[in-house]
Amino acid sequence: HSSRNMSPPNHHPFLGVPWICGVSLILLALPPSCTSTCLNLQPKSYFHKDVGSTRRGLGGRRRIPQGLSKIPTGPQNRRGQVVRANDDDVRERLESELKDPKNFLEYFLPRPLRKWLFAAGVTSTGLGSVISFSQALSEHKPFDTAGVNAIGLLTFSALLYYDTISGQKRVESRKKVRDRQIQMGDREVYVDQDGATVTRLKDVDLEWILKRLERWGQQDQMPFLGPKKGEIVKSLVLEHKPEKIVEVGSLAGYSTLKMAEALLKLDQIQGTSAREPRIITIEKDWLWFLVTSRFVYQAADGTPEMRGMVRVWQGDAISKFSEFPEKSIDFLFLDAVPSEYLSYLKSAEPKLKPGAVVVADNAGIFAEGGLRDYLDYVRTSPKFSSEYIESTLEWRDDVPDGIEVTRYHP
């Protein structure tokens with residue numbers, strides 16, 4: 001027999017491609033838990049699910065837009081690894097798309113597995129191309145097999161390149177998100193006990209909810225009290241040290257939480273920790289009643305000292321005042337429909353303690369409108385002494401506004 005007849009038959013068509021396709025089909029048939037276990041990947045160990053409205057619009061245990069990943073909230077993840085800002089290997093796993101795959105393929109083939117498959121495809125089709133080309137040249141056979149392997153090589157190379165570039169873009173995108181979260185105060189940077197620089201999202205507490213409400217209010221021009229007037233009301237609470245605060249008109253609860261913040265500071269100064277309700281906020285609208293209840297709950301859940309401090313009532317304040325004992329209210333905050341302030345005040349008068357403080361919002365922009373009768377009453381009645389504190393309209397430094405601070409002297 002000639003050496004030509006002794007040579008093995010050409011069984012290298014598409015060398016590597018059938019192997020790659022077979023492995024891919026096997027892996028696609030496996031459930032994602034098996035794939036993760038085989039690769040020692042545990043996506044849920046690194047991430048917590050973020051849902052806008054649960055942590056929300058603003059709510060849930062964490063409030064950032066859906067789909068944004070978070071580095072674990074402590075210096076170590078659940079596998080005991082310290083997450084350092086300069087640890088590229090850990091950060092790459094944290095930045096992978098295991099948390100929120102975009103399509104069916106990404107669900108079954110997470111990025112580390114895809115990169116391994118694409119690299120194996122490049123190697124296999126590359127070797128197949130070399131072998132098939134050399135055989136075609138030496139044996140003077142058609143280049144069909146070599147051409148198919150070359151196409152496979154180009155395809156796998158392109159897929160590997162695209163996946164690598166998209167992964168880098170994802171890492172850069174999430175870095176921008178983290179930097180933005182740090183800038184907005186949602187994420188903090190600190191040095192752990194080992195001297196490693198670590199970032200983590202802040203817990204959802206009173207401070208966090210207030211910042212979110214301020215951001216929401218400024219973005220959508222919501223008629224909240226606003227930071228400037230909020231600090232004025234907070235200083236009034238600190239000055240008068242009320243035992244019982246009643247608010248009429250909570251909207252989303254921003255002013256409620258500012259007054260709760262003041263009471264917490266008073267407790268810290270005085271060394272007290274009262275658990276009974278000290279703020280009663282009354283909201284007529286069911287929707288805003290639910291919104292306020294939610295944010296108050298979340299703030300108290302993350303701030304244990306605040307638990308039990310605030311109660312949210314739904315209904316008309318005029319009828320609700322009948323549920324208060326005589327002379328039990330020493331701080332009344334009016335922030336509802338301006339034309340109804342006077343009715344609220346007259347209904348609340350029998351419940352006010354001597355020396356009680358009544359605060360009315362928007363006493364500047366509505367002075368000649370819906371608040372005219374109210375301002376005439378508190379400024380002329382011998383039972384009251386009143387003063388106007390200038391400020392600006394919420395989110396608008398160019399629009400003058402203020403609050404009317406009235407003291408009750410029966």
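Up top you'll find the structure we're talking about.
Analysis parameters
Residues numbered from 1 in each chain as written. Predicted model: local features only at pLDDT ≥ 70, side-chain atom pairs only at ≥ 80, totals over all residues. Heavy atoms only, no water. Helix = DSSP H or I, 4+ residues; strand = E, 2+ residues; numbered from the N terminus. Buried < 20%, exposed > 50% of the residue type's maximum accessible area, 1.4 Å probe, protein only. Contact = heavy atoms within 4.5 Å. Areas by Shrake-Rupley, 256 points an atom, 1.4 Å probe, with all protein chains shown as cover. Phe/Tyr/Trp six-rings, centres within 6.5 Å; stacked < 30°, edge-to-face > 60°. Pairing = 2+ DSSP bridges. Axes fitted to C-alpha atoms, helices over the stretch in contact; angles between N-to-C directions. Parallel < 35°, antiparallel > 145°, perpendicular 65-115°, else oblique. Nonpolar A, V, L, I, M, F, W, Y, C, P; charged D, E, K, R; others polar. Left-handed = near helix turned anticlockwise from the far one by under 90°. Arc of directions from axis to C-beta. Salt bridge = Lys/Arg side-chain N within 4 Å of Asp/Glu carboxyl O. Core = buried A, V, L, I, M, F, W, Y, C linked by side-chain atoms within 4.5 Å.

Scanning the protein chain from terminus to terminus reveals 14 helices and nine strands. In the protein chain, which comprises 410 residues, the proportion classed as buried is 46%. The long-range fraction of contacts in the protein chain, counting pairs at least 24 apart against all pairs at least 6 apart in sequence, stands at 71%. For the protein chain, the computed accessible surface area is about 20,800 Å², with 57% contributed by carbon and sulfur atoms.

Turning to the packing of aromatic side chains, a few remarks are in order. Evaluation of the coordinates by the stated rule reveals 10 aromatic pairs. Here the aromatic rings of W216 and W288 are separated by 6.3 Å at their centres, their planes lie at 35°, and the arrangement is tilted. One end of the pair, W216, is in helix α8 (residues 206-220); the other, W288, is in helix α11 (residues 286-302), with 72 residues separating them in the sequence. For W216, a relative accessible area of 22% puts it in the partly exposed group.

So, about the pairing of strand β4 (residues 279-283). Of all the five residues making up β4, five are buried; the element is thus mostly covered by neighbouring parts of the structure. Burial along β4 is two-sided: I279, T281 and E283 and I280 and I282, pointing in opposite directions, are all buried. Examined bridge by bridge, strand β3 (residues 245-248) and β4 share four bridges and lie parallel to one another. Within the sheet, the bridge partner assigned to V248 lies in β4 and is I282. Judged from the five bridges that link them, β4 and strand β5 (residues 310-314) form a sheet pairing that is parallel.

Our next topic: the packing of helix α13 (residues 341-348) against helix α14 (residues 372-380). One can describe the packing of α13 onto α14 by two numbers: an axis separation of 8 Å at closest approach and a directional angle of 40°. Considering the angle they form, α13 stands oblique to α14. Between α13 and α14, the residues in contact are Y341, L342, L345 and K346 and D373, Y374, Y377 and V378, respectively. In terms of residue class, the contact of α13 with α14 is built from six nonpolar, no polar and two charged.

Orientation of helix α9 (residues 227-240) relative to helix α10 (residues 254-270), taken along the N-to-C sense of each, is 40°, at an axis distance of 9 Å. On the basis of the axis angle, α9 is oblique to α10. As for the relative orientation of α9 and α10, their crossing is right-handed in sense. Contacts from P227, G230, E231, V233, K234, V237 and L238 in α9 reach Y254, K258, M259, E261, A262, L263, K265 and L266 in α10. Looking at the contact of α9 with α10 residue by residue, the class counts come to nine nonpolar, one polar and five charged.

Here strand β1 (residues 187-191) runs beside strand β2 (residues 197-201); their pairing, made up of five bridges, is antiparallel. For V191, the partnering residue across the bridge sits in β2 and is T197. The turn linking β1 back onto β2 is made up of five residues, and G195 within it adopts a positive phi angle of 80°.

Attention now moves to the environment of T123. Here T123 shows up in helix α6 (residues 111-139). On the accessibility criterion, T123 (49% relative accessible area) is partly exposed.

Moving on, we get to α14. Buried within α14 are the following residues: Y374, L375, Y377 and V378. Summarising the axial view, the buried residues of α14 lie within an arc of 160°, below the 170-degree limit, and thus occupy one face. Set apart from the buried face of α14 by more than 90 degrees, the exposed residues are D373 and T380. Buried residues along α14 sit against β6 (329-334), α13, β7 (352-360), β8 (384-393) and β9 (396-408).

So, on to the pattern of salt bridges. Applying the stated criterion to the full structure yields 22 salt bridges. Of the charged contacts, one joins K284 and D316 as a salt bridge, the two residues approaching to 3.5 Å between their closest N and O atoms. With a gap of 32 residues between them, K284 in the loop between β4 and α11 and D316 in the loop between β5 and α12 (317-320) connect regions that are remote in the sequence. Under the relative-accessibility criterion, K284 is labelled partly exposed at 43%. Exposure remark for D316: the relative accessible area of 28% places this residue in the partly exposed category. The partner of E326 in a salt bridge is K351, with the nearest N and O atoms 3.3 Å apart. You can see E326 sitting in the loop between α12 and β6 and its partner K351 sitting in the loop between α13 and β7, a full 25 residues away along the chain.

Take the nonpolar core next. Soluble globular proteins: nonpolar side chains tend toward being buried together. Within the largest apolar cluster, 43 residues are counted, with the highest numbers of intra-cluster contacts made by L257, M306 and F331. Every element with two or more residues in this core is listed here: α8, α9, α10, α11, β5, β6, β7 and β9. With eight residues, α10 is the single largest residue contributor to this core. In this structure, V248, I329, A356 and Y377 belong to the second largest nonpolar core, which totals 27 residues.

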